[in-house]
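Summary of the model geometry
Listed below, chain by chain, are the residues.
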Amino acid sequence: MLSSHRQILAHSVQHRPIEGVFFGPQQPERLNTLIVGVFHGDETISGELVTHFVEHLQAGQFAQDPIDFMARPTLIIPVLNPDGLAAGTRVNANGVDLNRNYPTPDWVEDNRDTPYYSGAAAASEPETRLMIELIARYQPQKILTVHSPYKVLNFDGPARAFAEAMSQASGYAVVESIGYPTPGSFGTYAGVIRQIPVVTLELPPGLDEPFDPEMPPAESLEQVWVANRTSLEAAIRF
Ligand SMILES: [Zn+2]
């Protein structure tokens, strides 16, 4: 009854497939919701949680009433950065931070040879171009990206109510800014400039992430799932 199909959307620098799962119409004209995990390859918990969510949706298992995906076409990409995930690095295979590579007015080539390298040019990376193409083609009404390790809900563009709907479900605090400048970020590109509501779900660190006393305590996939399951559904229902 629930219609979903998996599709290879693009390939990474090292030619790994970047897969997405569409829920709803076979050929959606527009997306209601776009959900993306693992911009940063070392934030493994984000991919685990989004993959777990996809599996539950495909099995028709909802925390609340079933979501009407025909009315809310949804695309979920568990892993945008498969090369970084394979290598255990924040950056992609070209050493670029995929959350600093968007063609925004504030983009600059910066932080070379660091995990925050913005790339040789804006939109230099295939993973970035995929996101730009998806937004142009499907004009999503709202976008959720999943990161770690701050354990907050951050938002860009007209997304405060969207973030608060998720916060109601998870108890994670809503913060307007993550506290440091992020030129060329996805949130600036899609949220601030295109005015698409963008929420960034920052999970706590996963158990395999390096211990950092400045960060919230690490949590297991099960803990993060229990805390965020209804919140993820709320992101689609909102
Ligand atoms: Zn991140």
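First things first, this report covers the structure right here in the doc. Counting from 1, residues in each chain are numbered in the order their sequence is written. Only residues with pLDDT of 70 or above have their local features reported here, since the model is predicted, and side-chain atom pairs are shown and tallied only from 80 upward, although totals for entire chains, interfaces and linings are computed over all residues.

In this section: the overall build of the protein chain. Scanning the protein chain from N- to C-terminus turns up six helices and eight strands. When the helices and strands of the protein chain are read in sequence order from the N terminus, they spell out β-β-β-α-β-α-α-β-β-α-β-α-β-α. This radius of gyration counts C-alpha atoms alone. The globule rule is 2.2 Å times how many residues there are, raised to the power 0.38. A compact globule built from 238 residues should have a C-alpha radius of gyration of about 18 Å, and the protein chain, at 16 Å, falls within 12% of that. Each principal axis of the C-alpha atoms in the protein chain carries an extent, and together these give about 50 × 40 × 35 Å. With C-beta atoms placed from the backbone, the exposure class of a residue follows from how many other C-beta atoms lie within 10 Å of its own: 20 or more, buried; 12 or fewer, exposed; in between, partly exposed. In the protein chain, buried positions account for 50% of the 238 residues. Each residue is represented by a C-beta atom placed from its backbone, and any two residues with such atoms within 7 Å are regarded as in contact. Taking as baseline every contact in the protein chain between residues at least 6 positions apart, the subset at least 24 positions apart corresponds to 72%. Numbering of helices and strands runs from the N terminus, with a helix taken as a DSSP run of H or I at least four residues long and a strand as a DSSP run of E at least two residues long.

For the pair helix H1 (residues 44–58) and helix H6 (residues 221–237), interaxial distance at closest approach is 10 Å and the crossing angle is 55°. Classified by the interaxial angle, the pair formed by H1 and H6 is oblique. You can see that H1 and H6 cross each other, and the crossing is right-handed. Here Ile45, Glu48, Leu49, His52 and Phe53 of H1 lie close against H6, whose contacting residues are Leu221, Val224, Trp225, Asn228 and Leu232. Note on residue classes: Ala, Val, Leu, Ile, Met, Phe, Trp, Tyr, Cys and Pro are nonpolar, Asp, Glu, Lys and Arg are charged, and everything else, Gly too, is polar. Of the residues assigned to the contact of H1 with H6, the class counts are seven nonpolar, two polar and one charged. Structural elements are reduced to axes, namely lines fitted to C-alpha atoms, with helices fitted over the stretch in contact, and the angle between N-to-C directions of any two is expressed from 0 to 180 degrees. Here the angle decides the label: under 35 degrees means roughly parallel, over 145 means roughly antiparallel, 65 to 115 means roughly perpendicular, and every other value means oblique. Two helices cross in a left-handed way if the nearer one is turned anticlockwise from the farther one by less than a right angle. They cross in a right-handed way if the turn is clockwise.

The next subject is the sheet that holds strand E4 (residues 74–77). Any two strands with at least two DSSP-identified bridges between them are counted as paired. Strand order in the open sheet made by the eight strands is E1-E2-E4-E3-E5-E8-E6-E7, with mixed pairing throughout. Each edge of the open sheet carries a strand with a single partner, namely strand E1 (4–11) and strand E7 (174–175). Pairing of strand E3 (residues 33–37) with strand E5 (residues 142–147), which is carried by five bridges, proceeds in the parallel orientation. Note that in E5 the partner of Ile35 across the bridge is Leu144. Sheet strands touched by H6: E3, E4, E5 and strand E8 (198–202). Its angle to E3, the strand with the most contacts, is close to 145°.

So, about the pairing of E3. Each regular strand carries side chains that alternate between the two faces of the sheet. Most of E3 sits out of view: five of its five residues are buried. Neither face of E3 is exposed, since Thr33, Ile35 and Gly37 on one face and Leu34 and Val36 on the opposite face are all buried. Bridging between E3 and E4 involves four bridges; their strand directions are parallel. Within the sheet, the bridge partner assigned to Val36 lies in E4 and is Ile77. Handedness of a crossover: with both strands directed away from the viewer, a clockwise path from the first strand across the helix to the second marks it as right-handed. Remark: the E3/H1/E4 crossover connection has right-handed handedness.

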